[in-house]
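Structure at a glance
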Amino acid sequence: MRKWLPLCLLAAGLVCLAVPGETALPASGGAEIVEKKFIALTFDDGPRRLTTEKLLDGLLERGASATFFVVGEELAGNEDLILRMAREGHQVGNHTWSHIRLTDVPRQEALEELNQTDQALREILGGDSCWIRPPYGMVGEELEGEITVPLVKWSVDPRDWESRNAGKVFQALRENVRPNAILLLHDIYPSSVEAALNIVDTLQAEGYRFVTVEELLLLNGIDPQPGVLYCSG
């Protein structure tokens, strides 16, 4: 198995990968250079019938892709939402079975949380194991060598779970967004869904393109590696 290499540690070793964005010339062949600005919108803790469905409707209308890190306990009865995510070009990821803090439990319990959700998602979607977002962004050293897929953190956290105010969440996103950022939101709150669709409208008007986390890394020439924790593109 690949060794777990934390790429998001700052003083303790967390580093965020940054690769220059692409540029494109207009079809006329003029001198103006138009920068392609990519960004990844991610959602944790779902799916929830009403809020996730509304979010998917809004993303489809806007032609925006996102990444959904889902909790295993929420899958039963919502399989159609997971299938819809994949069908409409979104990335589906593993957020453990019960949103447990992986660093607070024994190694075997942590692995069971990840494996149970992975198995449930594979039964719904087929294919390979899904990427992982560890709750609270933390994976303990005891799992080193056990993670066989890329891990995803974030670079912008508007703390939508705390304010549950669409205007405040939108403003926090707007003030901190940068090209190649990974935005963290939760599709279980109506306020977060509203803020998410508003930020998509605003940033698309500024030339941003919303892509999945996997697409964001590949567009920046990054080959995602098992066990590596990514917090931006």
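Each helix and strand counted, the protein has 7 helices and 10 strands in total. For the protein, long-range pairs separated by at least 24 residues make up 75% of all intrachain contacts whose partners lie at least 6 apart in sequence. In the form shown here, the protein has an accessible surface area of approximately 10900 Å², with 50% of it arising from carbon and sulfur atoms.

Our next topic: helix H3 (residues 107–125). Look at H3: 27 Å from first C-alpha to last across 19 residues, which is about the 27 Å you get at 1.5 Å a residue. Among the residues of H3, Ala110, Leu111, Glu113, Leu114, Thr117, Asp118, Ala120, Leu121 and Ile124 are the ones counted as buried.

On to the nonpolar core. Within the largest apolar cluster, 36 residues are counted, with the highest numbers of intra-cluster contacts made by Leu41, Leu59 and Phe68. Those residues in contact with Leu59 that lie beyond four places of it in its chain are Leu41, Ala64, Ala66, Phe68, His90, Leu197 and Val200. Judged by nonpolar contacts, the second largest core, of 28 residues, contains Leu102, Trp131, Val139 and Val149.

Once that is clear, we can look at the packing of helix H2 (residues 79–87) against H3. One can describe the packing of H2 onto H3 by two numbers: an axis separation of 10 Å at closest approach and a directional angle of 70 degrees. Judged by the angle between their axes, H2 and H3 are roughly perpendicular. Mapping the contact onto sequence places Glu79, Ile82, Leu83 and Ala86 in H2 and Leu121, Ile124 and Leu125 in H3.

Another point: unusual backbone geometry. The peptide bond linking Gly46 to Pro47 adopts the cis configuration, its omega dihedral lying at 0 degrees. Within the secondary structure, Pro47 is located in the loop between strand E4 (37–44) and helix H1 (49–62). Positive phi is not limited to glycine here, since Tyr136 has a value of about 65 degrees. For Tyr136, the location among the structural elements is in the loop between H3 and strand E7 (151–152). Notably, Arg164 is not glycine yet its phi reads approximately 50 degrees, a positive angle. Within the secondary structure, Arg164 sits in the loop between helix H4 (160–163) and helix H5 (166–176).

With that settled, consider the environment of Met85. Position of Met85 among the secondary structure elements: in helix H2. Looking at Met85, the relative accessible area reads 0%, which means it is buried. Along the primary structure Met85 and Thr67 are separated by 18 residues, whereas in three dimensions their C-alpha atoms are 8.7 Å apart. Once residues within four sequence positions are removed from consideration, Met85 is found in contact with Pro47, Thr52, Leu56, Phe68, His90 and Val92.

The next point concerns the packing of H5 against helix H6 (residues 190–205). Closest axis-to-axis distance for the H5/H6 pair is 8 Å, and the angle between their directions is 40 degrees. Between H5 and H6, the angle falls in the class oblique. Crossing angle aside, the handedness with which H5 passes H6 is right-handed. When H5 is examined against H6, the residues Ala166, Val169, Phe170, Leu173 and Arg174 are found in contact with a partner set consisting of Ser191, Glu194, Ala195, Asn198, Ile199, Thr202 and Leu203. The class makeup of the residues in the contact of H5 with H6 is 7 nonpolar, 3 polar and 2 charged.

The relative placement of two aromatic rings is captured by the distance of their centres and the angle of their planes. Under the defined criterion, the tally for this structure stands at 1 aromatic pair. Here the aromatic rings of Phe43 and Phe68 are separated by 5.3 Å at their centres, their planes lie at 20 degrees, and the arrangement is stacked. Highlighted residues: Phe43 in strand E4 and Phe68 in strand E5 (residues 67–70), separated in sequence by 25 residues. Pair check on accessibility: Phe43 and Phe68 agree, each one buried. When the ring centre of Tyr136 is taken as reference, the NZ or CZ atom of Arg101 above it lies at 3.9 Å. Seen from the ring of Trp154, Lys153 lies directly overhead, with NZ or CZ sitting 5.8 Å from the centre.

What counts, and at which threshold
- Residues numbered from 1 in each chain as written.
- Predicted model: local features only at pLDDT ≥ 70, side-chain atom pairs only at ≥ 80, totals over all residues.
- Heavy atoms only, no water.
- Helix = DSSP H or I, 4+ residues; strand = E, 2+ residues; numbered from the N terminus.
- Contact = heavy atoms within 4.5 Å.
- Areas by Shrake-Rupley, 256 points an atom, 1.4 Å probe, with all protein chains shown as cover.
- Expected span 1.5 Å × (residues − 1).
- Buried < 20%, exposed > 50% of the residue type's maximum accessible area, 1.4 Å probe, protein only.
- Core = buried A, V, L, I, M, F, W, Y, C linked by side-chain atoms within 4.5 Å.
- Axes fitted to C-alpha atoms, helices over the stretch in contact; angles between N-to-C directions.
- Parallel < 35°, antiparallel > 145°, perpendicular 65-115°, else oblique.
- Left-handed = near helix turned anticlockwise from the far one by under 90°.
- Nonpolar A, V, L, I, M, F, W, Y, C, P; charged D, E, K, R; others polar.
- Phe/Tyr/Trp six-rings, centres within 6.5 Å; stacked < 30°, edge-to-face > 60°.
- Lys NZ or Arg CZ within 6 Å of the ring centre and 35° of its normal.

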